[in-house]
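# Breakdown of the fold
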Amino acid sequence: TGSVVRVRRSSDNAEQDFSDVSLIADWVGSGNDGYVTTWYDQSGNGNNATQSTASSQPKIVDAGALVSDGIDFDGVDDFLDTGYSSGVASSQSLFAVFKVDLIDSSFRTPIDGRDANDDGIGFGVTTAIGFRFHVDADDVFATANTSLDLLTGIYGSSASAIYQKGALADSGLAPSTISVTTENYFIGKSPIGTSSLPLDGSISEIIIYDSDQSANRVAIETNINNYYDIY
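Right, let's walk through the structure included here. (Residues numbered from 1 in each chain as written. Predicted model: local features only at pLDDT ≥ 70, side-chain atom pairs only at ≥ 80, totals over all residues. Heavy atoms only, no water.)

The next thing to look at is the pairing of strand 5 (residues 59-62). Judged from the 2 bridges that link them, strand 3 (residues 34-39) and strand 5 form a sheet pairing that is antiparallel. Residue pairing across strands places G34 opposite V61, the latter belonging to strand 5. Bridge count for strand 5 against strand 6 (residues 65-66) is 2 bridges, and the pairing is antiparallel. Bridge pairing links V61 to L66 in strand 6. With antiparallel pairing between neighbouring strands as the criterion, strand 5 and strand 6 make up a hairpin whose turn holds 2 residues, including A63 at a positive phi of roughly 50°. (Pairing = 2+ DSSP bridges. Helix = DSSP H or I, 4+ residues; strand = E, 2+ residues; numbered from the N terminus.)

Structure follows, in structure tokens:
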């Protein structure tokens, strides 16, 4: 219920909230672009992802047509700030539906909440997709590709794992030294800025739990896949 996104159109910089995404392209108008200023949190917790700088707003309508596979991030400077920072001393789970348009040797982040010490939860894309929760040695990996993907990262008190399209891709031990405070979760880039470039691709959905959702993972992934038909 409520609005899903707030959109700015290029023709006059007017902004409008939308609960029905299918109506956005008509409002933006033929030949115009539409940019996301707010991606509203659907959990009821008010952790809305926002971007007030016009040049860094990701695109949802391109030349009058709704962008396929969610919200498009240009790989240059687009990102959204959720304003939400969560300590990860115990456990956390991250589900993300996204599509990568550019795979290169740079570290590009669909979602990231790490601090300057590399503590925190996030996904990073290079020639592989890493689930990051501490220093590089603790990462677990899945295979990078350019199709719509569902990635799940589970950080538990004693173990971690990354799942791709419902299947286990890699697992490892969770470190005991992870910080209890992290930067805000950024969508489309890293909040620390120095270790990654913005994502070149599109994001459809992100779900963050401040708990280990291993017991519910299959049900959550099945629900997501039933909607997006990813695999």
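Attention shifts here to the pattern of salt bridges. Counting across every chain of the model gives 10 salt bridges. A salt bridge links D104 to R108; the shortest N-O distance between them is 3.1 Å. Take D104: its relative accessible area is 21%, and that puts it in the partly exposed class. Taking relative accessible area as the criterion, R108 reaches 7% and is therefore assigned buried. (Salt bridge = Lys/Arg side-chain N within 4 Å of Asp/Glu carboxyl O. Buried < 20%, exposed > 50% of the residue type's maximum accessible area, 1.4 Å probe, protein only.)

Relative to the helices and strands, I192 is located in the loop between strand 17 (186-187) and strand 18 (197-198). With 77 residues separating them in the primary sequence, I192 and D115 have C-alpha atoms 6.1 Å apart.

Phi is positive for A63, close to 50°, though the residue is something other than glycine. Here the phi dihedral of D229 falls at roughly 55°; this positive angle occurs in a residue that is not glycine. Tracing the backbone through its elements, the reader meets D229 in the segment after helix 2 (217-228). On the basis of relative accessibility, which here comes to 64%, the residue D229 falls in the exposed class.

For the rest of this paragraph, the subject is the environment of D72. Mapped onto the fold, D72 is located in strand 7 (residues 71-74). By relative accessible area, which is 22% here, D72 ends up partly exposed. Sequence separation of D72 and P58 is 14 residues, and the distance between their C-alpha atoms is 5.5 Å. With residues up to four places along the chain from it excluded, the contact list for D72 reads P58, K59, V67, D78, D101, G201 and S202. (Contact = heavy atoms within 4.5 Å.)

Purely geometric numbers; function is a separate question.
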